[in-house]
Amino acid sequence: MHVDILTIFPGMFYGAISESILGRAQEQGLLEISIHDIRNFSQDKHNSVDDYPFGGGPGMVMQAEPIWAAVQSVTSAPYGSRPPRVILTTPAGKQFTQEMAKEFASEEHLVIVCGHYEGIDERVSDVFTDEVSIGDFVLTGGELASMVIVDATARLIPGVLGDSESAKGDSFYDGILDYPHYTRPRQWRGMDVPEVLVSGDHEKIRVWRRTEALKRTLMRRPDLLETAALTDEDRQILRSLLNQ
Ligand code: 6GU
């Protein structure tokens, strides 16, 4: 997958994309990330990319032309067989989800424009296939949001995660939260690892983990239970949890 990130703060990205799993994915040739400075597409000698809003009001608006020219520069030569997804990060976008990450992970070419200021000139909005927010809070800019999107997407590309890092057990993988985990030592500050996990009984362990995952989801994110793909066994576990 090739990802082009268009930003006015390229310096924010270098550490975030070169460490850990994203760094390794690039070394393995599974992922290529290019960072582009939107200021290079400015129309004036001060390299400005924003201006005052027509109609007045607070803040600045990103101008259409630098964004349009920057997007053109990375989309005029096609990568792969399908047209790219061109994503704008904005708190006014559609909420990013694990489902969206899966969809993006099946693409060959993503272009992500990091939104700023009060917003962007609406006339350039036709270049975007997606406008995405990462949640109901406001960031100082779209850079961190775009890193979140790239990270959540890239780890779903086949081969990016090793076997030991498999996405199968993730919270949200099947629509509910993950179960609790324990490692050595077996006793820590007077607290024991749950007995079942050292019992060697794999079926008991499976049922315990599923029960804990459902318990957590019920307590913390009951909304997820309305859309999760629950089995008959899950429903039975939930009934018994609710009757306790
Ligand atoms: Cl994509 N951008 C900004 N500035 N704030 C956000 C966001 C994006 N998603 C949530 N908050």
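Residue indices follow the written sequence of each chain, beginning from 1 at its first position. With pLDDT at 70 or above as the cut-off, local features in this predicted model cover only qualifying residues; side-chain atom pairs require 80 or more to be listed or tallied, and sums for whole chains, interfaces and linings still use all residues. As a convention, hydrogens and water are excluded, and side-chain values are obtained from all of the structure's heavy atoms.

Colleague: Kindly report on the domain arrangement of the protein chain, identifying the contributing residues and their values.
Modeller: These domain boundaries are the output of an automatic or database domain assignment. Here the protein chain is partitioned into domain 1 (2–154) and domain 2 (171–242). Inter-centroid distance (C-alpha atoms) of domain 1 to domain 2 is 37 Å.

Colleague: For the nonpolar core, give the residues involved together with the corresponding values.
Modeller: If you look at the biggest cluster of nonpolar residues, it comprises 26 residues, and the most contacted ones within it are Val3, Ile5, Leu31, Ile33, Phe96 and Phe104. Comment: elements are numbered from the N terminus, with helices defined as DSSP H or I runs of at least four residues and strands as E runs of at least two. Mapped by element, the contributors of at least two residues to this core are strand S1 (2–7), helix H2 (20–27), strand S2 (32–37), helix H4 (98–105), strand S6 (109–114) and helix H5 (143–154). In terms of residues, this core owes the most to one element, H5, which gives five residues. Between two residues, a contact is recorded if the distance between any of their heavy atoms is within 4.5 Å. Not counting the four nearest positions on each side in its chain, leucine 31 is found in contact with Met1, Val3, Leu22, Ala25, Gln26, Ala154 and Ile157. Of all hydrophobic cores here, the second largest spans 18 residues; its members include Ile38, Ile67, Ala70 and Val124. Note on terminology: a nonpolar core comprises buried Ala, Val, Leu, Ile, Met, Phe, Trp, Tyr and Cys residues joined through side-chain atoms within 4.5 Å. Each residue is assigned to one of three classes by its accessible area relative to the maximum for its type, calculated with a 1.4 Å probe on protein chains only: buried under 20%, partly exposed between the two thresholds, exposed over 50%.

Colleague: For the pattern of salt bridges, give the residues involved together with the corresponding values.
Modeller: By definition here, a salt bridge exists when the distance from a side-chain nitrogen of Lys or Arg to a carboxyl oxygen of Asp or Glu is within 4 Å. Here the structure, examined in full by the defined rule, presents 14 salt bridges. The partner of arginine 85 in a salt bridge is glutamate 103, and the shortest N-O contact between them spans 2.5 Å. Here glutamate 103 lies in helix H4 and arginine 85 lies in strand S5 (residues 85–95), a separation of 18 residues in the sequence. The residue aspartate 170 makes a salt bridge to arginine 155 at a minimum N-O spacing of 2.7 Å.

Colleague: Give me the lowdown on the packing of helix H6 (residues 202–220) against helix H7 (residues 232–242), citing residues and values where you can.
Modeller: Geometry is summarised by axes, namely lines fitted to C-alpha atoms with helices restricted to the contacting stretch, and by angles between N-to-C directions that run from 0 to 180 degrees. For the pair H6 and H7, interaxial distance at closest approach is 10 Å and the crossing angle is 60°. Between H6 and H7, the angle falls in the class oblique. The interaxial crossing formed by H6 with H7 has right-handed handedness. Here H6 contributes Arg206, Val207, Arg210, Thr211, Leu214, Lys215 and Leu218 to the contact with H7, which in turn contributes Glu233, Asp234, Ile237, Leu238, Leu241 and Leu242. Among the residues making up the contact of H6 with H7, the classes are represented as seven nonpolar, one polar and five charged. For classification, angles of less than 35 degrees are called roughly parallel, those exceeding 145 degrees roughly antiparallel, those between 65 and 115 degrees roughly perpendicular, and all remaining angles oblique. Left-handed describes a crossing in which the near helix is turned anticlockwise from the far one by less than a right angle; the clockwise case is right-handed. Charged means Asp, Glu, Lys or Arg here, nonpolar means Ala, Val, Leu, Ile, Met, Phe, Trp, Tyr, Cys or Pro, and polar covers whatever is left, Gly included.

Colleague: I'd like a rundown of the site of the ligand, residues and numbers included.
Modeller: Taken together, the neighbourhood of the ligand is formed by Thr89, Thr90, Pro91, Val132, Ser133, Ile134, Gly135, Phe137, Val138, Leu139, Gly141 and Ala145. The term polar contact refers here to a pair of N or O atoms within 3.5 Å; inside protein, the definition further demands a hydrogen-donor-capable atom paired with an acceptor-capable atom, and it admits residues adjacent in sequence only when both atoms are side-chain atoms. Isoleucine 134 is positioned such that a nitrogen or oxygen atom in its backbone is 2.9 Å from a nitrogen atom of the ligand. At 2.5 Å, a backbone N or O of phenylalanine 137 approaches a nitrogen atom of the ligand. Bound to the protein, the ligand loses 96% of the 290 Å² it would expose on its own. Among the elements that take part in the shell around the ligand, S5 stands out by supplying three residues, more than any other. Class assignment of the residues belonging to the shell around the ligand gives a composition of seven nonpolar, five polar and no charged. Nearness is defined per residue: one heavy atom within 4 Å of the molecule or strand is enough. Accessible areas in this description were obtained via Shrake-Rupley with a 1.4 Å probe; residue shielding takes into account the shown protein chains only.

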